[in-house]
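Commentary on secondary and tertiary structure
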Amino acid sequence: MDDWIDLRSDTVTRPTAAMRAAMLAAAVGDDVYGDDPTVNALQARLADELGFEAGLFLPSGTQSNLVALMAHCARGDEYLVGMDAHTYKYEGGGAAVLGSIQPQPIPQADDGTLPLDAVERAIKPDDPHFARTRLLCLENTWHGRPLPPDYLAQARALCDRRGLALHLDGARLYNAAVAGGVDARAITRHFDSVSVCLSKGLGAPVGSVLVGSRALVGVARRWRKVLGGGMRQAGILAAAGLHALDHHVARLADDHARAARLAAALRGLPRIAAVAQHTNMVFVEVPRERLPHLRAAMEARRVRLALGESPQLRLVLHLDVDDAGVQRVAEGFAALAA
Ligand SMILES: *Cc1c(COP(=O)(O)O)cnc(C)c1O
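None of these values were measured; they are calculated from a predicted model. (Residues numbered from 1 in each chain as written. Predicted model: local features only at pLDDT ≥ 70, side-chain atom pairs only at ≥ 80, totals over all residues. Heavy atoms only, no water.)

1. Thoughts on the site of the ligand
- The local shell around the ligand consists of Ser60, Gly61, Thr62, Asn65, His86, Glu91, Glu139, Asp169, Ala171, Arg172, Cys197 and Lys200.
- A distance of 3.4 Å is found between a nitrogen atom of the ligand and a side-chain nitrogen or oxygen belonging to His86.
- A distance of 3.0 Å separates an oxygen atom of the ligand from a polar atom in the side chain of Arg172.
- At three residues, helix α3 (residues 61–72) tops the list of elements feeding residues into the shell around the ligand. (Near = heavy atom within 4 Å. Polar contact = N/O pair within 3.5 Å; in protein donor to acceptor, adjacent residues only side chain to side chain. Helix = DSSP H or I, 4+ residues; strand = E, 2+ residues; numbered from the N terminus.)

What follows is the structure, encoded as structure tokens:
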């Protein structure tokens, strides 16, 4: 499979030789006892880099968001969240199922923001008829789009005014930071907690880190164990995350540039409609009746896309796709248009 180009997601990257070497060399201990020096180093590093007191290494972004929600909210509490947000829509309803937390979904605007007047209207009065609104959850990037910086400040101000906490699902936080040309802290400083995926564009095989106050992370650590996420010699995995933070952050700009080049190539083709590009993602619409042709054209070029019945496609650039790969993908779409 090594010569296939896989644009289904940025989760498909395989650890580089240098990352594997770092994993092999990792000092380890039992992390449930807090003894793993590499896990501790990763947690401390991200907490420091993002401006928080503490960090917690978890097996997945789903678990990281869930323990964050469970740390912020108790049974019968409510969190406000985008109707299309990952935490609400793509995490199996975990907050409700496992946390007894009621989600209040709010339709996102096209730029991924939750309109703050809608957020404010959704906050429930202190009355036993209602769940207790405790938390607003945002996602950055959202479908590849970095949230507007002044929106973050406005959301923070609203949360302060109404006594809500603010959590960021920052699965692709570093894509947003690199695209905006800002330090990640410029984004994270508005939040009470942030979850960052190491296994997306950063290219680590496994893992997310949740950062927040010492107290919040203490509660989150307890829930991590309850959920079965307490890992033992996890330093082998944390070493991949540390390596990714050292070597794979600035290079996200390469993925964004390749996504822009791919989008530009597709915009020139007949039959291809509605090309949009945000950070490392390209969204295209192809005529539904051409989907079988597209599948054949891509298979012939050893390109894997998330191709189902939908004419709307998402193409995700990442560490394992180079310039020649972008060229091959563009050729596949050109064959479709011919
Ligand atoms: C991938 C993703 C997650 C969850 O990460 P997993 O490690 O796959 O559980 C959360 N939020 C967003 C926006 C994501 O893209």
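2. Let's talk about the UniProt feature "modified residue: N6-(pyridoxal phosphate)lysine" (unreviewed entry) in the protein
- Sequence positions flagged by UniProt for "modified residue: N6-(pyridoxal phosphate)lysine" (unreviewed entry) are, in local numbering, Lys200.
- Its location among the elements puts Lys200 in the loop between β7 (193–197) and β8 (208–212).
- With near-sequence residues (within four places) excluded, Lys200 lies in contact with Asp10, Thr11, Thr13, Ala171 and Arg172. (UniProt positions renumbered as here; feature names shortened; annotations may be inferred. Contact = heavy atoms within 4.5 Å.)

3. Some remarks on the nonpolar core
- Core analysis: the largest hydrophobic core is formed by 51 residues, its most contacted members being Leu50, Phe57, Leu136, Leu138, Leu173 and Tyr174.
- Among residues more than four places away in sequence, those in contact with Leu173 are Leu50, Asn140, Leu168, Ala184, Ile187, Thr188, Val194 and Val196. (Core = buried A, V, L, I, M, F, W, Y, C linked by side-chain atoms within 4.5 Å. Buried < 20%, exposed > 50% of the residue type's maximum accessible area, 1.4 Å probe, protein only.)

4. Side note on the packing of aromatic side chains
- Tallied over the full model, the rule gives zero aromatic pairs.
- Directly above the aromatic system of Trp4 lies the positively charged group of Arg304, at a separation of 4.6 Å from the ring centroid. (Phe/Tyr/Trp six-rings, centres within 6.5 Å; stacked < 30°, edge-to-face > 60°. Lys NZ or Arg CZ within 6 Å of the ring centre and 35° of its normal.)

5. Thoughts on α3
- The end-to-end C-alpha separation of α3 is 16 Å, in line with the 16 Å expected for 12 residues at 1.5 Å each.
- Taking burial as the measure, the 12 residues of α3 include 11 buried ones, the bulk of the element.
- Regarding α3, the residues found buried are Gly61, Gln63, Ser64, Asn65, Leu66, Val67, Ala68, Leu69, Met70, Ala71 and His72. (Expected span 1.5 Å × (residues − 1).)

6. Details of the environment of Leu166
- With respect to the helices and strands, the residue Leu166 is situated in strand β6 (residues 165–170).
- Of the residues examined, Leu166 reaches a relative accessible area of 0% and is grouped as buried.
- Counting along the chain gives 80 residues from Leu166 to His86, while the straight-line C-alpha distance between them is 16 Å.
- Ignoring any residue separated from it by four or fewer positions in sequence, one finds Leu166 in contact with Leu135, Leu136, Leu138, Ala155, Arg156, Cys159, His190, Phe191, Asp192 and Ser193.

7. Thoughts on the pattern of salt bridges
- Following the criterion strictly, the structure yields 20 salt bridges and no others.
- As a salt-bridge pair, Arg134 and Asp77 come within 3.0 Å of each other at their nearest N and O atoms. Taken together, the residues Arg134 in strand β5 (residues 132–139) and Asp77 in strand β3 (residues 77–82) connect sequence positions 57 residues apart.
- Judged by relative accessible area, Arg134 falls into the partly exposed class, the value being 37%. (Salt bridge = Lys/Arg side-chain N within 4 Å of Asp/Glu carboxyl O.)

8. A short note on the sheet that holds strand β9 (residues 273–278)
- Spatial ordering of the open sheet is given by β9-β10-β12, a layout of three strands whose pairing is antiparallel. Because the sheet does not close on itself, it has two edges, and the strands there are β9 and β12 (312–316). Neighbour to neighbour, the strand axes of the sheet diverge by 15° on average, direction disregarded.
- Relative to strand β10 (residues 281–285), β9 runs antiparallel, the two sharing four bridges. Counted as the bridge partner of Ala276 is Phe283 from β10.
- Strands β9, β10 and β12 of the sheet are contacted by helix α12 (residues 252–267), whose axis makes an angle of about 170° with β9. (Pairing = 2+ DSSP bridges. Axes fitted to C-alpha atoms, helices over the stretch in contact; angles between N-to-C directions.)

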